[in-house]
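# Structural features, examined
Chain residues, written in single-letter form:
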Amino acid sequence: QSNQYCDAGFEYESGSTTACGSGTAPSKLLIKGGTVVNAHHQQLADVYVEDGIIVAVEPSITVGDDVKVIDATGKYVMPGGIDPHTHLDMSFMSSGTIDDFFSGHAAALAGGTTMHIDFVIPVDGSLTAGYEAYERKAKKACMDYGFHMAITKWNDDVSREMEIMVKEKGINSFKFFMAYKGALMVNDELLLEGFKRCKSLGALAMVHAENGDAVDEGQKRMIELGITGPEGHALSRPAVLEGEATARAIRLANFVNTPLYVVHVMSIDAMEEIAKARKSGQRVIGEPVVSGLVLDESWLWHPDFKTAASYVMSPPIRSKGHDKELQAALATGVLQLVGTDHCAFNSTQKALGIDDFRKIPNGVNGIEERMHLVWDTMVESGQISVTDYVRVTSTECARIFNIYPRKGAILPGSDADIIILNPNSSFEISTKSHHSRLDTNVYDGKKGKGKVEVTISRGRVVWENNELKVTPGTGRYIPMQPYSYVFDGLDKKDATYLSSLKAPVKRAKSSS
Ligand SMILES: NC(=O)NCCC(=O)O
Ligand SMILES: [Zn+2]
Ligand SMILES: [Zn+2]
């Protein structure tokens, strides 16, 4: 397997073999004989692409000699994955994630993901400075990307800048961290202000739901007990704290009547709050991440610090049982789409917390592994259909963030972000052959059925025959408009609420 790629102009240390290339960019491409799968439908059809756009999806398309033809007989032709949750090149916990907008994209493309949405972190509270910094970081992009933005403090400038981000910069979602006390964490007052502002702009409010004050207390408790290793991470922030914050955020969003997106749902406790809210008719979206779906916390008790620390993320990976319940929730529509929270720190960076788990930079990998692991865990096990696979890995993300059907579909007019998955082939994940810069991989050794054999990024064949051909600077920013479908009808709910309020009681002025 090739593990190196064309990186002209960018410093990058990589593996041994070379597969440098400009990313074959035939202006015309025909994918023949496959089963084309969209979230709503699947059919035997050919897909014809010109200049990065899908032109036709129909049986038996004939073309001239100038067209590159890929045979997909017996395979699935699907929209490339869209990862709604990543942290490339992010400064965090006295460190910086080691996958940037080049290596992270290379890894993503090798695993069948053709777009992601990353979280811009404001600089000293300034959204504009944060946006500009991420614009610079993303110059080396080799696949398409969009941005969410974190809100870490509140004042009139932030409120004004949110409007600029939505109306001028193509950002339609803002994340509020209810954890990471003393760093990114916000209080309920800010949460309410932020939710109201999101609503007024048609932007989606997102939350990292853990009770940060209680986590702080739990961490102190572990240190006092002499538990300083990675297992202290899990013990200090139990699922009840995720459930509490999820419930609180849901209730506050309900009070404001704005949709809510809960990122990285890791526990039954949080999932059940989402289920309850959805059942009552509230617009709440739940995003499980691959680590929560396929791993359990036992790794945090591994005797080797390097191994154990590589599994430290927040909220923590939970005990066995949570994984299966989250899978069931995804299969039944309680949770809607799968992310990764790809946030890669290598073992040297993780060693910052060798004596104190509170200093281990939080985050695990997944951008390269998500498509394979979701296929194997959910489709191969019979829990979801192939069309649902497309929905949870691509289409639903495109719909929620208002870029459908440009993304998330194999339809005439859509961007030609396409994967060909062979259900009869198999994959094996290995730290040695992955494309991330990480020296660890929380999925190392995992094997399964289904293999992404070809990835096409806007008409360019970037992954084929286990070879990656990517070029920095070819990825494009995808602006996202506000008021996606999750806002439909909310004005009617507001009107119902207002008309339900009784007219103010008129009282005579008392004389005494
Ligand atoms: N999840 C995690 O551990 N690191 C990334 C930051 C976040 O999403 O909370
Ligand atoms: Zn988070
Ligand atoms: Zn995250």
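Now for a look at the structure at hand. Since this is a predicted model, take the numbers as computed values, not measurements.

What the rule picks out here adds up to 33 salt bridges. Note that Lys469 and Glu467 form a salt bridge whose closest N and O atoms lie 4.0 Å from each other. On the basis of relative accessible area, Lys469 is assigned to the partly exposed category, the value being 28%. Shared partners join several salt bridges into a network, and the residues in it are Asp144, Arg406, Lys407, Asp415, Asp417, Arg458 and Arg476.

Taken together, Lys175 (NZ), His208 (ND1) and His264 (NE2) make up the full set of protein donors to the zinc ion (ligand 2), lying 2.1 to 2.7 Å away. Mapped onto the polypeptide sequence, the residues donating to the zinc ion (ligand 2) form the spacing pattern K-x32-H-x55-H. A separation of 3.8 Å is found between the zinc ion (ligand 2) and the zinc ion (ligand 3). Here Lys175 is found in strand β11 (residues 173-177), whereas its partner His264 is found in the loop between β13 (260-262) and α8 (268-279), with 89 residues between them in sequence. Accessibility expressed as a relative area gives 1% for Lys175, which makes it buried.

Here we come to the environment of Asp46. Position of Asp46 among the secondary structure elements: in strand β2 (residues 42-50). Along the backbone, Asp46 and Arg318 are 272 residues apart, and their C-alpha atoms lie at a distance of 43 Å. Of note is the side chain of Asp46, whose polar atom sits 2.9 Å from the backbone nitrogen of Ile61.

Another aspect to go through is the packing of α8 against helix α11 (residues 322-331). The interhelical angle for the contact between α8 and α11, taken along N-to-C directions, is 25 degrees, at an axis separation of 9 Å. Compared by their axis directions, α8 and α11 come out roughly parallel. The crossing of α8 and α11 is left-handed. Residues Ile268, Asp269 and Met271 of α8 pack against His322, Glu325, Leu326 and Ala329 of α11.

Let us look at the coordination of the zinc ion (ligand 3). Around a metal, the perfect tetrahedron of four donors has angles of 109.5 degrees, and the perfect octahedron of six donors has angles of 90 or 180 degrees. Ligation of the zinc ion (ligand 3) by protein atoms is provided by His85 (NE2), His87 (NE2) and Asp341 (OD), these donors lying 2.0 to 2.1 Å from the ion. Geometry at the zinc ion (ligand 3) is irregular, judged from the four donor atoms that bind it and their angles of 88 to 136 degrees at the metal. Donor residues for the zinc ion (ligand 3) sit on one chain with the sequence pattern H-x1-H-x253-D. Among the residues examined, Asp341 registers a relative accessible area of 7% and is labelled buried.

Moving on, we get to helix α1 (residues 103-110). The buried count for α1 comes to eight of eight residues, which makes it a mostly enclosed element. Regarding α1, the residues found buried are Ser103, Gly104, His105, Ala106, Ala107, Ala108, Leu109 and Ala110. Buried-residue contacts for α1 involve β9 (113-120), β10 (144-150), β16 (447-457), β17 (460-464) and β18 (467-468). Two residues or fewer after α1 comes Gly112, characterised by a positive phi angle close to 95 degrees.

What follows covers the site of ligand 1. Within the structure, ligand 1 sits among 14 residues, and His87, Tyr180, His208, Ser314 and Asp341 are positioned closest to it. Lys175 is positioned with one of its side-chain polar atoms (N or O) 3.1 Å from an oxygen atom of ligand 1. Within the backbone of Gly363, an N or O atom sits 3.5 Å from an oxygen atom of ligand 1. Considered class by class, the residues forming the shell around ligand 1 number five nonpolar, seven polar and two charged.

Moving on to the nonpolar core. One finds Met78, Phe174, Phe176, Phe195 and Val207 to be the most contacted residues of the largest nonpolar core, which totals 111 residues. In this view, Val207 contacts Phe176, Met178, Leu191, Phe195, Ala249, Leu260, Tyr261, Val262 and Val263; residues no more than four positions away in its chain are not counted. One finds Ile82, Phe119, Leu204 and Leu337 within the second-largest nonpolar core, a separate group that totals 20 residues.

Of note, the bond from Ser314 into Pro315 is cis; its omega dihedral lies within 30 degrees of zero at -10 degrees. Mapping Pro315 onto the fold places it in the loop between α10 (305-310) and α11. Note the cis peptide between Tyr404 and Pro405, where omega equals 5 degrees. Mapped onto the elements of the fold, Pro405 is located in the loop between α14 (386-400) and β15 (418-428). Positive phi values are uncommon outside glycine, yet Asn466 reaches one of about 60 degrees. Mapped onto the secondary structure, Asn466 falls in the loop between β17 and β18. Residue classification places Asn466 among the partly exposed positions, given a relative accessible area of 30%.

The next thing to look at is the pairing of strand β6 (residues 81-86). Burial analysis of β6 places six of its six residues in the buried class, the great majority of the element. Relative to β9, β6 is paired through four bridges, and the arrangement is parallel. The partner of Asp83 across the bridge, within β9, is His116.

Here we take up a nonpolar patch on the surface. A surface patch of nonpolar side chains, amounting to about 330 Å² of accessible area, comprises Tyr497, Leu498 and Leu501. Within the secondary structure, Tyr497 is located in helix α15 (residues 490-500).

What follows is about the environment of Phe102. Its place among the elements puts Phe102 in the loop between β8 (95-96) and α1. Along the chain, Phe102 and Val379 lie 277 residues apart, while their C-alpha atoms are 30 Å from each other.

The next thing to look at is the sheet that holds strand β14 (residues 284-286). The strand order β6-β9-β10-β11-β12-β13-β14 describes an open sheet built from seven strands, whose pairing is parallel. Each edge of the open sheet carries a strand with a single partner, namely β6 and β14. Averaged over all adjacent pairs, the angle separating strand axes in this sheet is 25 degrees, with direction ignored. Across the sheet, helix α7 (residues 239-256) touches β12 (204-208), β13 and β14, and the angle it forms with β13 is around 170 degrees.

What counts and what doesn't
- Residues numbered from 1 in each chain as written.
- Chains lettered and ligands numbered in written order.
- Predicted model: local features only at pLDDT ≥ 70, side-chain atom pairs only at ≥ 80, totals over all residues.
- Heavy atoms only, no water.
- Salt bridge = Lys/Arg side-chain N within 4 Å of Asp/Glu carboxyl O.
- Buried < 20%, exposed > 50% of the residue type's maximum accessible area, 1.4 Å probe, protein only.
- Donors = N, O, S within 2.8 Å, 3.2 Å for Na, K, Ca; no water.
- Helix = DSSP H or I, 4+ residues; strand = E, 2+ residues; numbered from the N terminus.
- Polar contact = N/O pair within 3.5 Å; in protein donor to acceptor, adjacent residues only side chain to side chain.
- Axes fitted to C-alpha atoms, helices over the stretch in contact; angles between N-to-C directions.
- Parallel < 35°, antiparallel > 145°, perpendicular 65-115°, else oblique.
- Left-handed = near helix turned anticlockwise from the far one by under 90°.
- Contact = heavy atoms within 4.5 Å.
- Tetrahedral: all angles 85-135°; square planar, octahedral: opposite > 155°, others 65-115°.
- Near = heavy atom within 4 Å.
- Nonpolar A, V, L, I, M, F, W, Y, C, P; charged D, E, K, R; others polar.
- Core = buried A, V, L, I, M, F, W, Y, C linked by side-chain atoms within 4.5 Å.
- Pairing = 2+ DSSP bridges.
- Patch = residues over 30% accessible without salt bridge, like charges linked within 9 Å, V, L, I, M, F, W, Y side chains within 5 Å.
- Areas by Shrake-Rupley, 256 points an atom, 1.4 Å probe, with all protein chains shown as cover.

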